[in-house]
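Structural characterization, general
Okay, here's what each chain looks like letter by letter:
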Amino acid sequence: MKEKDLENERIGTEKGYICRNFTGSSALLTRTHINYGVKGDVAVVRINSPNSKVNTLSKELHSEFTEVMNEIWASDQIRSAVLISSKPGCFIAGADINMLSACKTLQEVTQLSQEAQRILEKLEKSPKPVVAAINGSCLGGGLELAISCQYRIATKDRKTVLGVPEVLLGALPGAGGTQRLPKMVGVPAALDMMLTGRNIRADRAKKMGLVDQLVEPLGPGLKPPEERTMEYLEEVAITFAKGLADKKISPKRNKGLVEKLTAYAMTIPFVRQQVYKKVEEKVRKQTKGLYPAPLKIIDVVKTGIEQGSDAGYLSESQKFGELVMTKESKALMGLYHGQVLCKKNKFGAPQKDVKHLAILGAGLMGAGIAQVSVDKGLKTILKDATLTGLDRGQQQVFKGLNDKVKKKALTSFERDSIFSNLTGQLDYQGFEKADMVIEAVFEDLSLKHRVLKEVEAVIPDHCIFASNTSALPISEIAAVSKRPEKVIGMHYFSPVDKMQLLEIITTEKTSRDTSASAVAVGLKQGKVIIVVKDGPGFYTTRCLAPMMSEVIRILQEGVDPKKLDSLTTSFGFPVGAATLVDEVGVDVAKHVAEDLGKVFGERFGGGNPELLTQMVSKGFLGRKSGKGFYIYQEGVKRKDLNSDMDSILASLKLPPKSEVSSDEDIQFRLVTRFVNEAVMCLQEGILATPAEGDIGAVFGLGFPPCLGGPFRFVDLYGAQTIVDRLKKYEAAYGKQFTPCQLLADHANSPNKKFYQ
Amino acid sequence: MTTILTCPFKKLPTTSKWALRFAVQTKTKKTLAKPNIRNVVVVDGVRTPFLLSGTSYKDLMPHDLARAALTGLLHRTSVPKEVVDYIIFGTVIQEVKTSNVAREAALGAGFSDKTPAHTVTMACISANQAMTTGVGLIASGQCDVIVAGGVELMSDIPIRHSRKMRKLMLDLNKAKSMGQRLSLISKFRLNFLAPELPAVAEFSTSETMGHSADRLAAAFAVSRLEQDEYALRSHSLAKKAQDEGLLSDVVPFRVPGKDTVTKDNGIRPSSLEQMAKLKPAFIKPYGTVTAANSSFLTDGASAMLIMAEEKALAMGYKPKAYLRDFMYVSQDPKDQLLLGPTYATPKVLEKAGLTMNDIDAFEFHEAFSGQILANFKAMDSDWFAENYMGRKTKVGLPPLEKFNNWGGSLSLGHPFGATGCRLVMAAANRLRKEGGQYGLVAACAAGGQPSMVVCAYNSSYSGG
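Every value quoted in this text rests on a predicted model; they were computed, and no experiment measured them. Note that residues are indexed from 1 along each chain, following the sequence as it is written. For naming, the first written chain is A and the first written ligand is 1, with later ones following in the order written. The predicted origin of the model limits local features to residues at a pLDDT of at least 70 and limits the giving and counting of side-chain atom pairs to 80 or more, whereas totals for whole chains, interfaces and linings rest on all residues. Hydrogens are left out, water is left out, and the side-chain values use all remaining heavy atoms of the structure.

On to the sheet that holds strand E17 (residues 464-467) of chain A, then. Residues and elements named next belong to chain A. On the basis of which strands lie adjacent, the open sheet formed by 8 strands has the order E15-E14-E13-E16-E17-E18-E19-E20 and mixed pairing. Since the sheet does not close on itself, it has two edges, and those belong to strand E15 (422-425) and strand E20 (528-533), each with one partner. For this sheet, the mean angle separating the axes of adjacent strands, direction not counted, is 25 degrees. Where strand E19 (residues 501-506) and E20 come together, 6 bridges link them in parallel fashion. Note that in E20 the partner of Leu 501 across the bridge is Val 528. Strand pairing is defined by DSSP finding a minimum of two bridges between the two strands. A run of H or I in DSSP counts as a helix once it spans at least four residues, and a run of E counts as a strand once it spans at least two, with each numbered from the N terminus. Between the N-to-C directions of two axes lies an angle of 0 to 180 degrees, each axis being a line fitted to C-alpha atoms and, for a helix, fitted only over the stretch in contact.

Take a look at the structure:
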């Protein structure tokens, strides 16, 4: 109620400023999602989902929108309308995912799509021009709504992005997007948008013809910049709405030569067929048949173009229903929810904001952490022991920023200004001001101990000491600390600027405020964060280790690395298992395998770690040394097998067991060990929630997103199936495949689910 | 000396607000003189007529224009060339052949070749910087007599080869063998020939000035009509001043091979109807800044003779004004690029111990109507003062009847490097003509750093 009153007041106060004939609608007081006021002969429709930072298309919003539009169409006084959000930073973020998840049947979903189609069709045919005034995210259903309007004006703000990300949720734009987008921006561009789900910035959108006008965001004036920018956007939109109603402005856009040529080419059936074929081929290659949505999108677009709109719309709604019902879509939507969860700080706000950060070690990790920190405005010290190491690290940060300049995501001026947040040094100068120190030195306990003691001598009392380690238990590192409550683990993933996950590890002694602070820094760095308990390998490394052990076993059994890679990628892993070892570093893998092998014994057995030892001794450390399972050369994309590996593999060769060595068995041997260990982590309390387990596995380790993570996978494919598999392999190999108790419990009572 | 200087302020109301407040210091207060700091005076200042670029000055080089201003100054003041200690000029877009344009112009204008000269640049307040540098040199006792000025020739700008082409040409210079030369030449691509133009844009944001002004006007909700009205005022007042012969700082310039130019040619009072027809120049199609309400590209030069007061008196001059406090401020180059006057005004007034009410002549640089009006709105806003300036109350509006009464940059023109001296001379001449006491000069500049000079004028020398 409060919000509505405010809204009333806002319209009221603006009344005197811009127009005289403001008419309040009596219905204003009963609507919660949409309001409108009239300025002159232009209706200004404001979208404002209650109790949320973003607007989402829910059933309530749909029905209120229909009501409002009907009033506008019926009114004699109104000649045009402007559609705008009351929320800064968000036009409409998309359809309400919960609304889709709540649907039990395909028909229900299809019906939702058809309703939305009907509303938007009416909007598209509106006799009175409607201008969408876009500030902030305009995604999914939001964009479909916007492109149904007669005109679009967007703020040229970084926050203003347009896109149809449905494919990332395993669905398709189900409110006419598949039909309208190709007409608006051309088939190739539309397919690109729909198949990648990419966000398009306002200036690019203008070039593509997705929006008609841009409005520059304003600086400080007589009101806060954001507020005034919204007002200005509205004022500009109103002038355009009037212009459209008076026919002084044409909603038609002048197309460029290239665009005209493309459009012409697409009128030739043969060209169209070639385009479909090409795109389909590419999609098949990239999805490996694991994701049904992209192919259906192409299919629906094709139907619309080849058989006409009616068939297109029908196909869109039906395929939308089918897709939303798929396991893949459920898995991806689950991940979306998990991601939202992992973008929150469950420990609340820390007592003191971290403003000065110090990073020890300018290696790949240290410099990566520095890069994601400086560009968020954190004053960062990067300290290394040697000048060459430091140089390399600083160069890495600069290159990371400069690549963004090349992609026009930053200006060269912004790059320089961001880079000035970084101080590279060899000593501990300035550490007395640090609020947090993240160490990213080599994975060696005694070294970490030495560093911790050195640092504690120079940092202030409130300063947090975070260790970036992938396997050393944090409590062991903290053992030499004078203030173990300030010690925490922050496990980043390489390359830090690309990998979204941050695994935060708390020990028994870590204080709540320390955790809050670490999560706050991670969120600032743009990470999705899982918080796990301390233990050997924490969560992510611990899940990966048994799978890696199996990788070695499989290689020992004579499967060559290329074949193994293709088996894992075709299961949905983004990187093949052998390539992954090369990327992580064979020495690191060896380290982890030895450490964890000691602790977990038989359960991490299977493969012979001798393979890794021999590789390390020959200098085959993976990509960083130029040789691992493959040979890596600067500037050469093709990867050749490292033939020197043959003798090592031959010396450790084991006979394969034919009953468990089919391609599918190999895939499942890998993935079931992963899943079993993940569930064990939950069972042992390392993980607090299954959602964090899924997010960690997918975003940190590349667990197939189409399966939604180990826990979602168990839920969707049945615990019994997985336990059966494990038992089969257990019979062949032994204890490393014994299903853990929690997994067995789930298999025994089919009602038990990780996600209720 | 002090008594001579302070006694003639007969016009001063004895019970004015500040006089009461500063009763104890009345004596120094009246002159704004500071103990132990030399008084700096403007003996006189001149400028060439300001012309639309591409008109009569189009075949000249910048130092030709600067020379015209300097000879004009010599002629007007009859200052013996050997007494000039130093010459400083401001300029923005440099002609690379005459990068120290001050020196080239001074040599040609007949100043002594023993007088050092340097050139300064600070966007639209380059001449202000030349003057305040001079003030500093005099106040610190380094010099007694300074010539300060500025020049800009927008008719010709240095259009360069692209960086790639330049690199190729430089490498060719260094190539030793035919083989090396050929291999370099083989790297040539047609796009190397695309020229690089200097833009009136911020380097840090790549935003052009007009674009920024349009956004600023929008941020302060300044309407198109308001902007056109203000521009019309500027042109009308300039026309009037020109017709009445008030623009006495203008010296005629006999352009080589052409007719003698005697007056500014950008003053064109139009009608609001005519102005309303123009399309927006920067933010198309809905912006509010147009060609009619912006300052235009201008060619022109100005020069001014500044001296230590005792030197001027000893030489028998009757100076036109004191140059008192000045202040440079700077702020965000993106969103507050053109708000300098708002920030600087209260600070410099405070420094001088004055209030808005004390000022008799305001001379603000008019880059755009929208920029002046946005500054007015900012100065009149408590909210802005609280949230962006750290002040409890608003700065307050300068009264329009005291504001740019003889026209401004919108109508007279704005040769970037030369405008500062024009502003100061306009303030000085207005005070003498109108019998005022204090003048305030303010300008905005690229990089977000405006300047401000307060001139306290001593009417005793004006003979009135």
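On to the pattern of salt bridges, then. Residue and element names in this part refer to chain B. Salt bridges are defined as contacts in which a side-chain nitrogen from Lys or Arg sits within 4 Å of a carboxyl oxygen from Asp or Glu. Within the structure shown, the criterion is met by 70 salt bridges over all chains. For Asp 44, the salt bridge is made with Arg 76, and the minimal N-O distance between the two is 4.0 Å. In this pair, Asp 44 is assigned in strand E1 (residues 40-47) and Arg 76 in helix H4 (residues 62-77), connecting sequence segments 32 residues apart. On the basis of relative accessibility, which here comes to 32%, the residue Arg 76 falls in the partly exposed class. Relative accessible area decides the class of each residue, using a 1.4 Å probe on protein chains only: under 20% of the type maximum gives buried, over 50% gives exposed, and in between gives partly exposed.

The subject of this paragraph is the pairing of strand E3 (residues 86-90) of chain B. Residue and element names in this part refer to chain B. Burial within E3 is extensive, with 4 of its 5 residues counted as buried. Pairing analysis gives 5 bridges linking E3 to strand E5 (residues 145-153), with the strands arranged parallel. The partner of Gly 90 across the bridge, within E5, is Gly 150. Looking down the strands as they point away from the viewer, one classifies a crossover as right-handed if the path from the first strand across the helix to the second runs clockwise. What joins E3 to strand E4 (residues 117-120) is helix H5 (residues 101-108), and the crossover it makes is right-handed.

A few words now on the UniProt feature "domain: 3-hydroxyacyl-CoA dehydrogenase C-terminal" (unreviewed entry) in chain A. Residues and elements named next belong to chain A. UniProt positions are given in the numbering used here, feature names are shortened, and annotations may be inferred rather than shown by experiment. The sites that carry the UniProt feature "domain: 3-hydroxyacyl-CoA dehydrogenase C-terminal" (unreviewed entry) are, in the present numbering, residues 537-632 and 669-748. In this annotation, residues 537-632 is assigned 61% helix and 2% strand; the end-to-end C-alpha distance for the span is 29 Å. Helix and strand shares over residues 669-748 are 72% and 0% respectively, and the end C-alpha atoms of the span are 21 Å apart.

Residue contacts follow a heavy-atom distance rule, with two residues in contact if any of their heavy atoms lie within 4.5 Å. Contacts between the two partners involve 18 residues from chain B, matched on the other side by 20 residues from chain A. As used here, buried area is the combined drop in accessible area, with a 1.4 Å probe, of two parts when they are placed together. Of the roughly 1700 Å² buried where chain B meets chain A, counting both sides, 64% is carbon and sulfur surface. The tally of links from chain B across to chain A stands at 0 salt bridges. Nitrogen and oxygen atoms within 3.5 Å of one another constitute a polar contact, given that in protein one can donate a hydrogen and the other can accept it, and given that sequence-neighbouring residues count only through two side-chain atoms. For the pair chain B and chain A, the number of links is 4 residue pairs in polar contact (both at pLDDT 80 or more).

Take the side chain of Thr 160 of chain A next. All names here are of chain A. Inspection of the secondary structure assignment puts Thr 160 in the loop between strand E9 (151-155) and strand E10 (161-163). The exposure class of Thr 160 is buried, given its relative accessible area of 0%. Among the polar contacts listed, one links the side chain of Thr 160 to the backbone nitrogen of Gly 136, at a separation of 3.0 Å. A polar side-chain atom of Thr 160 sits 2.7 Å from a polar atom in the side chain of Thr 155.

In this numbering, the UniProt entry assigns the feature "domain: 3-hydroxyacyl-CoA dehydrogenase NAD binding" (unreviewed entry) to residues 357-534 of chain A. Across residues 357-534 of chain A one finds 39% helix and 22% strand; the C-alpha atoms that close the span lie 23 Å apart.

Before going further, it helps to examine the domain arrangement of chain A. Its domain assignment divides chain A into domain 1 (34-325), domain 2 (356-535) and domain 3 (540-748). Residue ranges assigned to the domains are those given by an automatic or database domain assignment. On a C-alpha basis, the centres of domain 1 of chain A and domain 2 of chain A stand 41 Å from each other.

A separate point is the pairing of E20 of chain A. Most of E20 of chain A is tucked away: 5 of the 6 residues are buried. Crossover connection from E19 of chain A via helix H20 (residues 512-524) of chain A to parallel E20 of chain A: handedness right-handed.

Taking the UniProt record as the reference, the feature "domain: Thiolase N-terminal" (unreviewed entry) is found at residues 40-310 of chain B. Annotation note: span residues 40-310 of chain B, helix share 35%, strand share 16%, distance between end C-alpha atoms 9 Å.

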